[in-house]
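The residues making up each chain are set out below.
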Amino acid sequence: MPDLTWPQMRQLESFFVQTIRNFPGNPVVISEGDSWFSFPVHASLMDHLDEMVQRRMSLLRLESSGAEILDVLDAGGRSSLRKLLRRYKPDVLLFSGGGNDIVGPELLTLIAPRGGGAFDLAAALSRAQLATLFGNIRAAYEALIAIRKEVAPGCIIVTHSYGNAIPSGRGASLWGFPAGPWLKPFLDALGYNAAEQRAVVGGLMQRFNDILDALADPHFIKVDVRPAISDDEWNDEIHPSRKGFEDAARLIHEKLQEILPTKFP
């Protein structure tokens, strides 16, 4: 959840409540997560999704660029989200989280250094630290699911995979400050070549997706956006271009139309 002052949060909620009152036929949606939902360089996935539904949803946006799931769903974050879900009983909770937790300097401890001989993806991903992190990510999603079941049983959580990011060494400029790169420098330091780096990142993304798939049920739905984002649709190492976010948002829009056809015609 973003670091908002109390008056700012009350203002956001006040506008949200007013849209619910003014447009009772619209779906009630809360979005929470990271820079795939809140990207300061160009339109994010959520920006495109809001346009695709022609802004016909009562939407409370809580996402924040750079957010990590283990922070978003810490004790305070879970408490705040529980209160919001209990109060508003949204039709959908859109959630984007986990990607920031597995990129950056921490790769130096999560990924095993390149050994001699043929490349071995399983060996690269064999470190106990990585298993522990993925266990913590799964536990965070399980806590989110438990909160939904407890206070808003009719709500559907819709989350997404991340794309198969390319370790290009390309960073971004966020609010005028350089950010990244998040992949290549650290995988270089571990001794992997370009093709091996792509395989390592793909392996990380598959492990992350396996977690979400294992938790899937009618009220927890993952949209796999990997096929939608081509190699030429990246702004930097971990954020799609405007077109990449648009293509990912289209898949989520289609899923919302499928699961809630009367709410998202």
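Residues numbered from 1 in each chain as written. Predicted model: local features only at pLDDT ≥ 70, side-chain atom pairs only at ≥ 80, totals over all residues. Heavy atoms only, no water.

(A) Seen up close, unusual backbone geometry. A cis amide bond, omega 0 degrees, links G180 with the succeeding residue P181. When you line up the elements, P181 lands in the loop between β6 (177–179) and α8 (184–189). Despite not being glycine, R55 has its phi angle at roughly 60 degrees, a positive value. Positive phi, normally seen in glycine, also occurs at K89, with a value near 40 degrees. By the secondary structure assignment, K89 is in the loop between α4 (75–88) and β3 (92–96). (Helix = DSSP H or I, 4+ residues; strand = E, 2+ residues; numbered from the N terminus.)

(B) View of the packing of helix α2 (residues 45–52) against helix α10 (residues 242–259). Where α2 contacts α10, the two axes come as close as 8 Å, and the packing angle between them is 50 degrees. If you check the angle between α2 and α10, you find them oblique. Remark: the crossing between α2 and α10 carries right-handed chirality. Facing α2, whose interface residues are L45, H48, L49 and M52, α10 presents R242, F245, E246, A248, A249, R250, I252, H253 and L256. (Axes fitted to C-alpha atoms, helices over the stretch in contact; angles between N-to-C directions. Parallel < 35°, antiparallel > 145°, perpendicular 65-115°, else oblique. Left-handed = near helix turned anticlockwise from the far one by under 90°. Contact = heavy atoms within 4.5 Å.)

(C) Local environment of α10. For α10, built from 18 residues, the straight-helix expectation of 26 Å at 1.5 Å per residue is met to within 8% by its first-to-last C-alpha distance of 26 Å. Buried residues belonging to α10 abut α2, β3, β4 (156–160) and β7 (220–223). (Expected span 1.5 Å × (residues − 1).)

(D) Layout of the pairing of β3. Judged by how many residues are buried, β3 sits mostly within the fold: five of five residues are covered. Neither face of β3 is open: one carries V92, L94 and S96, the other L93 and F95, and all of them are buried. The pairing of strand β1 (residues 28–33) with β3 spans five bridges and is classified as parallel. Within β3, the position partnered with G33 by the bridge is S96. Across three bridges, the pairing between β3 and β4 is parallel. Bridge pairing in β4 links V92 to I156. (Buried < 20%, exposed > 50% of the residue type's maximum accessible area, 1.4 Å probe, protein only. Pairing = 2+ DSSP bridges.)

(E) Examining the packing of α4 against helix α7 (residues 128–151) more closely. Running from amino to carboxyl end, α4 crosses α7 at an angle of 30 degrees, the nearest separation of the two axes being 9 Å. Taken together, the axes of α4 and α7 are roughly parallel relative to one another. In this structure, α4 crosses over α7, and the sense of that crossing is right-handed. Of the residues in α7, those in contact with R78, L81, R82, L85 and R86 of α4 are A143, L144, I147, R148, E150 and V151. Of the residues assigned to the contact of α4 with α7, the class counts are six nonpolar, no polar and five charged. (Nonpolar A, V, L, I, M, F, W, Y, C, P; charged D, E, K, R; others polar.)

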